[in-house]
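A closer look at the structure
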Amino acid sequence: MPTPTGSVTVSAPGKINVCFLVGPLLSSGYHRVASVYQAVSLLEHVTATATDEPGIGLSVEFTPGSVLAARARRRADSGIDLLAAIPRDATNLAARAAALVLAASDWDGGVHLHLSKAVPVAGGMGGGSADAAAALVACDALFGTALGSRELARLGEQLGADVPFALLGGVAVGLGTGTELTPALAPVPFHWVLVPADFGISTPRAFAALDEHRRAVTGGAGPDRIPVPAAPADVLHALRAGDPQGLAAVLHNDLQEPALGLAPQLRPVLAEGLAAGALAGIVSGSGPTLALLCLDEDDAEAVATSLGHRGIDAVPVTGPVTGTQILSRTSG
Ligand code: ATP
């Protein structure tokens, strides 16, 4: 392998689960799911730079001009550092991804990762997973390991259930724990408005709340007895047909009620989104980001503007978009 020099910058998308069905709880602590992922045009960027010093360095910013950056500036005025929620040590998913590729390389130096984040942190959009996917691809290109998409997906799966999808992008059905991906067709873009919350929801807490609810309603029967969910044909049909009204009618997330139970302040925001003209709204993944589906681009702009006038941060996005992409490479 040649000696790594310079930097590689890679983008990776955040995701919405347009349908998320949660099946039985496994002994591993994960659940079997049937998820329909859609990658959306809110991107993380990771720049990997080779360093002579061994080890993995990390720096993080909110992408200049993003809603996250604007919110961080406002919070900084009250002495709150929103970047502090992102781990800077070896537990960061991007650092863990880089460690896996370093181990597969013969490079005895290190790497510095710079993360530019636009996907809400702990927001249910797989931002950390997108960073991990981007770091896998950036380090693979930098170190010349040429691991190939199947091996990168295998490494990604070790880091988190959403990492393989961030590598792939587009629309895909995820079975198993979400990592057994089958690409699906969605030839026409859908228009969404994302409403990031100014707090996070822990994904394990949302799943635990769902399991608790299921124990209560089944009179104690375990969450491990829930049937294995199948890919939802009606959702895939609406995506293939490019039919936003059809999709609005079948959006579904089993984690929505648990997330709204943990964060009831999201209910009126969902209602405001519908009042502003969205076709339907859903909690994204484990929340708290809300995804409002709109008829077309003009409606999405109007919904975002209307929410903005009410003091609610709202970002129009489209999906599907591609997965990880190498954007630039500098030598030395
Ligand atoms: P999930 O993929 O579990 O649904 P999420 O999309 O809700 O996660 P993330 O932004 O990925 O949320 O972060 C979840 C947690 O992971 C954070 O609270 C943070 O402690 C940790 N974390 C690790 N690496 C990162 C990273 N690169 N960016 C953000 N958070 C990270």
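Calculation notes
- Residues numbered from 1 in each chain as written.
- Predicted model: local features only at pLDDT ≥ 70, side-chain atom pairs only at ≥ 80, totals over all residues.
- Heavy atoms only, no water.
- UniProt positions renumbered as here; feature names shortened; annotations may be inferred.
- Helix = DSSP H or I, 4+ residues; strand = E, 2+ residues; numbered from the N terminus.
- Rg over C-alpha atoms; globule rule 2.2 N^0.38 Å.
- Buried < 20%, exposed > 50% of the residue type's maximum accessible area, 1.4 Å probe, protein only.
- Contact = heavy atoms within 4.5 Å.
- Lys, Arg positive; Asp, Glu negative; His and termini not counted.
- Charge placed at Lys NZ, Arg CZ, Asp CG, Glu CD.
- Near = heavy atom within 4 Å.
- Polar contact = N/O pair within 3.5 Å; in protein donor to acceptor, adjacent residues only side chain to side chain.
- Nonpolar A, V, L, I, M, F, W, Y, C, P; charged D, E, K, R; others polar.
- Core = buried A, V, L, I, M, F, W, Y, C linked by side-chain atoms within 4.5 Å.

- As named in an unreviewed UniProt entry, the chain is 4-diphosphocytidyl-2-C-methyl-D-erythritol kinase, taken from Tersicoccus solisilvae.
- One UniProt comment on the chain, placed under Pathway (unreviewed entry), says "Isoprenoid biosynthesis; isopentenyl diphosphate biosynthesis via DXP pathway; isopentenyl diphosphate from 1-deoxy-D-xylulose 5-phosphate: step 3/6."
- Under Catalytic activity (unreviewed entry), UniProt gives the following word-for-word description of the chain: "4-CDP-2-C-methyl-D-erythritol + ATP = 4-CDP-2-C-methyl-D-erythritol 2-phosphate + ADP + H(+)".

1. Concerning the overall build of the chain
- Regarding its fold elements, the chain presents 11 helices and 12 strands.
- For a compact globule of 332 residues, the expected C-alpha radius of gyration is about 20 Å, and the chain comes in at 20 Å, within 12% of that figure.
- Its C-alpha atoms give the chain principal-axis dimensions of about 55 × 45 × 40 Å.
- Each of the 332 residues in the chain was classed as buried or not, and the buried ones make up 53%.
- Considering only contacts in the chain between residues 6 or more positions apart, those separated by 24 or more positions represent 78%.
- Charge-centre separation for the chain: the mean point of 19 positive side chains lies 5 Å from the mean point of 30 negative side chains.

2. Focus: the site of the ligand
- The local shell around the ligand holds 21 residues, among which Ala-122, Gly-124, Gly-126, Gly-128 and Asp-131 are the closest.
- Taking Lys-117, its side chain carries an N or O atom lying 3.0 Å from a nitrogen atom of the ligand.
- Elements that contribute at least two residues to the shell around the ligand include exactly strand S4 (110–117) and helix H3 (127–143).
- Residue contributions to the shell around the ligand peak at 4 residues, all from H3.
- Tallied by class, the residues present in the shell around the ligand amount to 9 nonpolar, 9 polar and 3 charged.

3. Remarks on the nonpolar core
- Ranked by internal contacts, the top residues of the largest apolar core, which has 42 residues, are Val-111, Leu-113, Leu-136, Cys-139 and Phe-143.
- Ranked by residues supplied to this core, first place goes to H3 with 12 residues.
- Those residues in contact with Leu-136 that sit more than four places away from it in its chain are Ala-97, Val-101, Leu-152, Leu-155, Gly-156, Leu-159, Val-163 and Leu-167.
- Counting residues in hydrophobic clusters, the runner-up holds 31 residues, among them Val-36, Val-119, Val-173 and Leu-293.

4. Regarding the environment of Ala-233
- Looking at the element boundaries, Ala-233 is found in helix H7 (residues 233–241).
- For Ala-233, a relative accessible area of 59% puts it in the exposed group.
- Separated by 182 residues in the primary sequence, Ala-233 and Thr-51 place their C-alpha atoms 49 Å from one another.

5. Regarding unusual backbone geometry
- For the bond from Gly-287 to Pro-288, the omega torsion is 5°, close enough to zero to count as cis.
- Structurally, Pro-288 is set in the loop between strand S9 (280–283) and strand S10 (290–294).
- Here the bond from Gly-319 into Pro-320 is cis, since omega is 5°, no more than 30 degrees from zero.
- One non-glycine residue with positive phi stands out, namely Ala-122, at about 50°.
- Counting through the fold element by element, Ala-122 comes out in the loop between S4 and H3.
- The class for Ala-122 is partly exposed, based on a relative accessible area of 46%.
- In this model, Ala-146 sits at a positive phi of 45°, which is unusual for a non-glycine residue.
- Assignment of secondary structure puts Ala-146 in the loop between H3 and helix H4 (148–159).
- Judged by its relative accessible area of 66%, Ala-146 falls in the exposed class.

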